[in-house]
Every structure is written in C-alpha cells, then in structure tokens.
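What follows is each chain in one-letter form.
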Amino acid sequence: MTKAKGAAMRRIQAGNVLSAFGLGFTVPYLYVYVAQVRELGASTAGAVLAVFAMAALVALPFTGRIIDRRGPLPVLVAAAVLASAGAAGMGLSGSIPAVVLSAAVLGAGTAVMQPALATMIVWCSETATRTRAFATQFFLQNLGLGVGGLIGGHIVDESRPSSFTLLFGIEAVMFLVLAGIALTVRLPHSPALPGPRPSDTEAGAKGGLRVLLGHRAMVQLLVLGFVVFFACYGQFESGLAAYGTEAAGIEPATLGTALAANTAVIVLAQFLVLKFVEHRRRSRVIASVGLIWAVAWLAAGYAGLGHGSQVMATAAFISTYALFGLGEAMLSPTVAPLVADLAPESMVGQYNSAFALVKQLALAVGPAVGGPMGAALHGPYIVTFVLFSLSITVLALRLGKRLSPVQDRPSLAAKTRVVAVHKPEGAVAPAH
C-alpha cells in the first residue's frame, strides 16, 4: 500500500470508529427512550424501530448507482450530515410524528454510510491488503459500539430526559466529525482484480442491475449473505433472546453478559483470526463458520432443552454468543472484501449497496421469524437454525467453485502479475 493510500485508509478508519462510538451511545437505549422517557408507549417504540429499518431498505437501492456516478466521498458526507440531523432531531423530539421522522432520517443516513465507507476502503486498498482493511474496520466498529454503549450506560438516567438528549447530541457530533474527516481524504482508485467478473463495458451496455443479477457468483454471495445475517445477527436481540429467557431461564441481565462475551471475542480474537484466514481460501473459511455456528446453536439447545443445572445452562448460553463472535471475526476479512473483488470497477458502489440491502432484509425478516419461534417453539427453533448454519457451509463450498484462484485466496495476488482479463460468466477457474 502506498503512503497516500495508507494515509487515506487511516482517516477512513478513524471516522469509522468515531461514528460507531456515537451509534453505541444511543442504539441500545432507543426503545427505552421512546417508550418510557418520552412516554410515547411501546407501540410507538416498536414503530420507531421498524421505521429505522425500513428507511434503510428504501434508501439503499438508490445508493449504489449514486456512489458509482459521483464517488463514495460526497455520498458519505451527505449521509453523515443526514444522520447527524436525525440524531439531533431524535434527542429533541417529544411527539410521535417528530420521533418517527427523526428515526427515518437517522436510519437512512446510517444505512447509506455502509456502502459508501466500504467503497472508500476498496479504493484505498489493494487485493492483497483488502482482507486486513475490512478486518480492521469490523474490529473498530465493534470496539466503538462497545465503548460507546458502556459509557452511554453510565450517562443515561430514565428520570432525566436531558441525559438522553445529551447522548443523541454526542451521536450527532460524531457523525459531523466523520463528515469532517471524510472531507480531508484524497481517494485513489484501486486496480482491477484478475478473475471472471463482468467488464466495465458490459456494465455500461446492460445496466447495473442486469449485470449484477447476471453475475452468478455475486448472486450466490447475496444468497449466502442473507442466510448468514438471518441465522446470526437477525436472532441476537429477538429469537435467541426470547429463547434464552423462556426456554433456558436466563435472566435479562445475563443477556447483557452474553452480548459482552460476543463483543469481547471479536475484539480479542480478530487479528489472531486474521493471521489464520488471510492465506486460506475464503470459501472454506466461510464454510467453517457455518460449522462453528451449528455448534453454537447446539450449545443453545443444551441450555434450553438439556437437563443440566442453571449454572451449566447459563454457561452454555453465553458460549453460544461467544462462538457467534468467533464466526463473525472470521467473516469480516472474507465476505466484505469478496464483494469488492467480484465487482467491476465501475460498479463497486452498486455491489456494496446490494449486499447492504440483503443484510437489512435479513435483519428485518430474522426477528419476525425467529422471535415467535424462540419464545414458543423451542425445539423446532434450534433445529431450524442448526440447519441454516449447515446451509452456510454448503452455500460457501458451492460459491468457491465459481471464484477464480485470486478471488478465493487473495494472498495469491502478491505472487502473480496476471493481467486482468474477462472470462465468460460460465467459466470456472481450475482448482488449485
């Protein structure tokens, strides 16, 4: 990586951790703030959370094309300013229309940031360094969210609405800081990656959506991504939490401990895991995550359906979240950079936005399906998600057959000088 790219990357990552820090201040307390502090009721709080997610689903389909036409920098700055306005509005809102509108603005702004930041990281990295760049981003995001949530928990006071106004004010400032840092970044372009992906000529001739949907490896990755987010992130605060309290008798406070264990594993293991995965095939790393998560769901099954002591059930339940964290640490340096390595240079933003959209869909569907099952259908719930985890392994191994050697193992890029050439969509790289 050149000095210019390195300097740009450091600024991007600094802005990334600060924005995550701001989000950590408020996201854990959004429901309590709307329902209890502003006394707008549980139904309004649920509507606010739904609007927060729906705003992302509305904004993301348009985001990628704008990124590819205007560049990720102006999109990131605009999204950060929008999110800042939403956060400030949320802290000052006292009525249902105001809080719903603020949630929509905040949700849209934070959603658009994801593909913009991802595209900036792609532009400031090379094939051989992209794995580490995305792992660092994931590490800093979790660190920022964790520290923000910890500090925010010591500031909030349900009897003082002003304490929540302070939290949202800090979040708004963090987004503006992100915008300010982004404006100092000078973005280079990343060189093309060798391998069977659509060419820029095809992208211009066919139109972005047609190119993406015709790219079989990317479509398979989108399906895989949906299953990954549905089976893990979509269950953390819904189905798995309901299952833990109803079936395993877990105290609500223990849920916080389990989430802390998840974050701790990510923060402590990320770079140890990175050394293990960065010289291995991405498809096989993702496949191994499916196996690890299957074990995690079996541990959850023991916690709720076994006949051990409450202490053993609690330990098994916390270990479920810890194993999820290990899998997340393995996915962060594999999935996100693979999206970038599959995209044509002129469509990196659209590919990143499509993947972010799939993630949001999974996070919306996951709680709707998992919540009722986790609360009432304990055995079927565990069996269902053990099978979903195993399907991750199957889908990852199938995806690996469509990837070129460098796409599947990016460390090979440092050992070859192959010029990028287009191969037909149906071409399959020889096994190595």
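The preceding data block contains the structure.
Parameters and conventions
- For every chain, the first residue of its written sequence is number 1, and the numbers climb from 1 along that sequence.
- With the structure being a predicted model, the display of local features is reserved for residues of pLDDT at least 70 and the display and counting of side-chain atom pairs for 80 or more, all residues being used for whole-chain, interface and lining totals.
- Side-chain descriptors were evaluated using all non-hydrogen atoms of the structure, hydrogens and water having been removed beforehand.
- Runs of H or I in DSSP of at least four residues are treated as helices and runs of E of at least two as strands, each being numbered from the N terminus.
- Contacts are assigned to residue pairs with any non-hydrogen atoms lying within 4.5 Å of each other.
- The Shrake-Rupley method, run with a 1.4 Å probe, gives the accessible areas here. Residue values count only the displayed protein chains as cover.
- Burial classification: accessible surface area is computed with a 1.4 Å probe over protein chains only, and a residue below 20% of its type maximum counts as buried, one above 50% as exposed, and the rest as partly exposed.
- Like charges within 9 Å and nonpolar side chains (Val, Leu, Ile, Met, Phe, Trp, Tyr) within 5 Å are joined into patches, using only residues over 30% in relative accessible area that form no salt bridge.
- In what follows, salt bridge is the name for a side-chain nitrogen of Lys or Arg lying within 4 Å of a carboxyl oxygen of Asp or Glu.
- Each residue after the first adds 1.5 Å to the expected span of a helix.
- What counts as a ring pair is set by centres within 6.5 Å for rings of Phe, Tyr and Trp (its six-membered ring), and what kind of pair is set by the plane angle: stacked under 30 degrees, edge-to-face over 60, tilted for all other angles.

A.B. asks: Hey, could you go over the overall build of the chain for me, with residue numbers and the actual values?
C.D. replies: Tallying secondary structure elements over the chain gives 18 helices and 0 strands in all. Counting only contacts in the chain whose residues sit at least 6 apart along the sequence, the fraction spanning at least 24 positions is 86%. When the accessible surface of the chain is split by element, carbon and sulfur atoms take 68% of a total near 17800 Å².

A.B. asks: How would you sum up helix H15 (residues 335-342)? Please name residues and give values.
C.D. replies: With 7 of its 8 residues buried, H15 lies for the most part within the structure. For H15, the complete set of buried residues consists of Val335, Pro337, Leu338, Val339, Ala340, Asp341 and Leu342.

A.B. asks: Now, about a nonpolar patch on the surface: what can you tell me, with residues and values included?
C.D. replies: A surface patch of nonpolar side chains, about 300 Å² in accessible area, is lined by Leu143, Val147, Leu150 and Ile151. Considering the arrangement of structural elements, one finds Ile151 in helix H6 (residues 127-155).

A.B. asks: How would you explain helix H17 (residues 378-400) if you had to name every residue and give the values?
C.D. replies: Each α-helix turn comprises 3.6 residues. Residues three or four places apart therefore point the same way. Over its 23 residues, H17 extends 34 Å from the first C-alpha to the last, a length consistent with the 33 Å expected when each residue adds 1.5 Å. Every buried residue of H17 is accounted for by Tyr381, Ile382, Phe385, Val386, Ser389, Ile392, Thr393, Ala396, Leu399 and Gly400. Elements in contact with the buried residues of H17: helix H10 (216-231), helix H11 (239-246), helix H13 (282-305), H15, helix H16 (348-376) and helix H18 (405-408).

A.B. asks: Quick one: what's the story with the packing of aromatic side chains, residue by residue and with numbers?
C.D. replies: The tally for this structure, following the rule as stated, stands at 16 aromatic pairs. Ring centres of Phe229 and Tyr233 lie 5.2 Å apart, and the angle between their planes is 40 degrees; this geometry places the pair in the tilted category. Classification of Phe229 by relative accessible area gives buried; the value is 11%. Taking the relative accessible area as the measure of exposure, Tyr233 reaches 24% and is therefore partly exposed. Ring geometry for Trp293 against Phe324: centres 5.5 Å apart, planes inclined by 70 degrees, an arrangement best described as edge-to-face. Taken together, the residues span a long stretch of sequence, with Trp293 in helix H13 and Phe324 in helix H14 (residues 310-331) at a distance of 31 residues. Exposure remark for Phe324: the relative accessible area of 0% places this residue in the buried category.

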